[in-house]
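# Chains, contacts and geometry: an overview
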Amino acid sequence: MVSFLKKHRVIITSTALCLFSLHIASTNVKGIGGTIISGRVISAIASPIQYGINHTIGAIKATWASYVYLINVSKENILLKNDIDKLKEENNQLKEAALLSNRLKELLAFKEDISGPAVAADIIGIENTGWVRTASINKGSSDGIKRDMAVVTTLGIVGRIIEVQPTTSKILLVTDPRCNIDVVVQRSRIKGITEGTGTNRLVLKYVRHEDDIQIGDKLISSGLGGIFPKGMVVGEVFRAEKGDDNFFMDIELKPGADLQKLEEVLIITGNISPMSPLL
Amino acid sequence: MKIFTIYLVLASLFLIIESTILSILLPSLLIPDVILIMVFYLAFGNASLEGVLTTFVLGYLTDVFSGGIIGLSSFTLLLIFIITTKLSKILTLNSMLIKVGGTIFISIIKGILTYTSLRFLNQEIPFYIIFPIAVSTGIVSPFVFALINKIELYCIPYKGEDKIISRY
């Protein structure tokens, strides 16, 4: 018996760990994140590096935009090259500051419109591999962030907080299959539920063939569930066809918020009354 | 323990790069699964308890880092590890075809396992995303194999040479 176990220890250990992993996965599928001590350690180590890399990429992009068009400069320009270089660098820093200022002004104006406290945060990492759609931000429990807080931009709902560390948090984006939002069609007031697909699209479920919905319709959150405030844009219909089951429609949406270009977001930290509108 | 440490550090670095640089440079469906390539390489030369535990930890690290379902990546990667240790008895990583083709095959198997597990856990994802990820993973695999090989040679010179002989 002992020699059998020794001979097949790799397979036995692999199988035992497989079953253990499957058990963890099946109990964890909806209990997203939770308080995992190893997650805190990993976040504490990884988030400063992610922040540093993102800043470096921003500087590289700024430098590339400034200098790529200087390659074929004339003799007269060569004489003035030092002055131009200094001015371009200064101009570029001012442009970046202006763009950042515009984005933050929009966010601040939006924050002042919403009826409740909110915290602004920077995106420091986006997870887009396979089917998972999450993003990391540079605010955590020390800034008042808690699980299940809604995350928004001026264009619409981004997602909700699923994991909180002292100085960082993780957002479950609306395009993740685990993110479901109760919505209403703005025009016809048809109710449904959106679900992420693991790609850059959402699907709208439980809309019947005879319901009034068409391409271009905007979907807003209904406020049910107490996580997402009422009246925020979730997405826009770009495909609506009759489903194969001859009862529900097959509807695809694009998210309201531009998830490919997320840089700053707002986290709504106040208590959300399920039916009261945000704006 | 050295193998475990090397793979843990490499996987952590890759996961950071994936969430910052790669997510900007590449569309999401073309980001290669480097963790899978590492497990594939590990299974070919280190079918031992250390390899099993390393695979389990790499899967756990992937899930914690990405915010996915904890345990899912460990489950699929361990199955891949078992399949690859069986395959390593009849194949060696000595040709480009085996490296690229084998990685694409294993990536598709992992995609199917992930899809099936998610369906079992009542989560739906599109099936087609498996294939572009498998192709990009296959294309990148020879470079990742070469990198891991060099790092192993540097950190574990004597054992590394043995590994080269046994794998190539």
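Summary of the structure given here. (Residues numbered from 1 in each chain as written. Chains lettered and ligands numbered in written order. Predicted model: local features only at pLDDT ≥ 70, side-chain atom pairs only at ≥ 80, totals over all residues. Heavy atoms only, no water.)

Our focus in this paragraph is helix H2 (residues 34-45) of chain B. Residue and element names in this part refer to chain B. When the terminal C-alpha atoms of H2 are compared, their 17 Å separation across 12 residues agrees well with the 16 Å that a helix rising 1.5 Å per residue should span. For H2, the buried fraction is high: 11 of the 12 residues fall into the buried class. Buried residues of H2: Val34, Ile35, Leu36, Ile37, Met38, Val39, Phe40, Tyr41, Leu42, Ala43 and Phe44, and no others. (Helix = DSSP H or I, 4+ residues; strand = E, 2+ residues; numbered from the N terminus. Expected span 1.5 Å × (residues − 1). Buried < 20%, exposed > 50% of the residue type's maximum accessible area, 1.4 Å probe, protein only.)

Side chains carrying opposite charge are able to pair once their charged atoms draw close together. Residue and element names in this part refer to chain A. Throughout the structure, instances matching the rule amount to 14 salt bridges over all chains. A salt bridge links Arg160 to Asp148, with the shortest nitrogen-to-oxygen separation between them at 2.8 Å. Note that Arg160 is positioned in strand E4 (residues 156-164) and Asp148 in the loop between strand E2 (134-137) and strand E3 (150-153), a separation of 12 residues in sequence. When its relative accessible area of 33% is taken as the criterion, Asp148 is described as partly exposed. Among the ionic contacts, a cluster of salt bridges with common partners joins Arg239, Glu241, Asp250 and Glu252. (Salt bridge = Lys/Arg side-chain N within 4 Å of Asp/Glu carboxyl O.)

With that settled, consider the environment of Ser142 of chain A. All names here are of chain A. Residue placement: Ser142 occurs in the loop between E2 and E3. Accessibility expressed as a relative area gives 57% for Ser142, which makes it exposed. Contact partners of Ser142, with chain neighbours within four places excluded, come to Pro166 and Thr167. A polar side-chain atom of Ser142 sits 2.7 Å from the main-chain carbonyl oxygen of Pro166. (Contact = heavy atoms within 4.5 Å. Polar contact = N/O pair within 3.5 Å; in protein donor to acceptor, adjacent residues only side chain to side chain.)

Here the focus is the sheet that holds E2 of chain A. Residue and element names in this part refer to chain A. Read around the closed barrel, six strands run E1-E2-E5-E4-E3-E12, paired in antiparallel fashion. Across the sheet, the mean angle separating the axes of adjacent strands is 45° when strand polarity is ignored. In this sheet, strand E12 (residues 264-268) lies alongside strand E1 (residues 118-127) in antiparallel orientation, the contact comprising five bridges. The partner of Asp122 across the bridge, within E12, is Glu264. (Pairing = 2+ DSSP bridges. Axes fitted to C-alpha atoms, helices over the stretch in contact; angles between N-to-C directions.)

Here we take up the interface of chain A and chain B. Opposite the 49 residues of chain A that make contact, chain B presents 43 residues. Both sides of the chain A and chain B interface together cover about 4,000 Å² of buried area, and 72% of this is carbon and sulfur. Inspection of the region where chain A meets chain B yields zero salt bridges. Summed over the shared surface of chain A and chain B, the result is seven residue pairs in polar contact (both at pLDDT 80 or more). Looking at the side of chain A that touches chain B, the elements that each hand over two or more residues are helix H2 (9-28), helix H3 (37-67), E1, E4 and strand E7 (191-196) of chain A. Examining the composition of the side of chain A that touches chain B, we find that 15 residues originate from one element, H2 of chain A, more than from any other. Across the side of chain A that touches chain B, the residue classes break down as 22 nonpolar, 18 polar and nine charged. (Buried area = accessible area lost by both parts, 1.4 Å probe. Nonpolar A, V, L, I, M, F, W, Y, C, P; charged D, E, K, R; others polar.)

Limitation: the analysis is restricted to geometry and does not speak to function.
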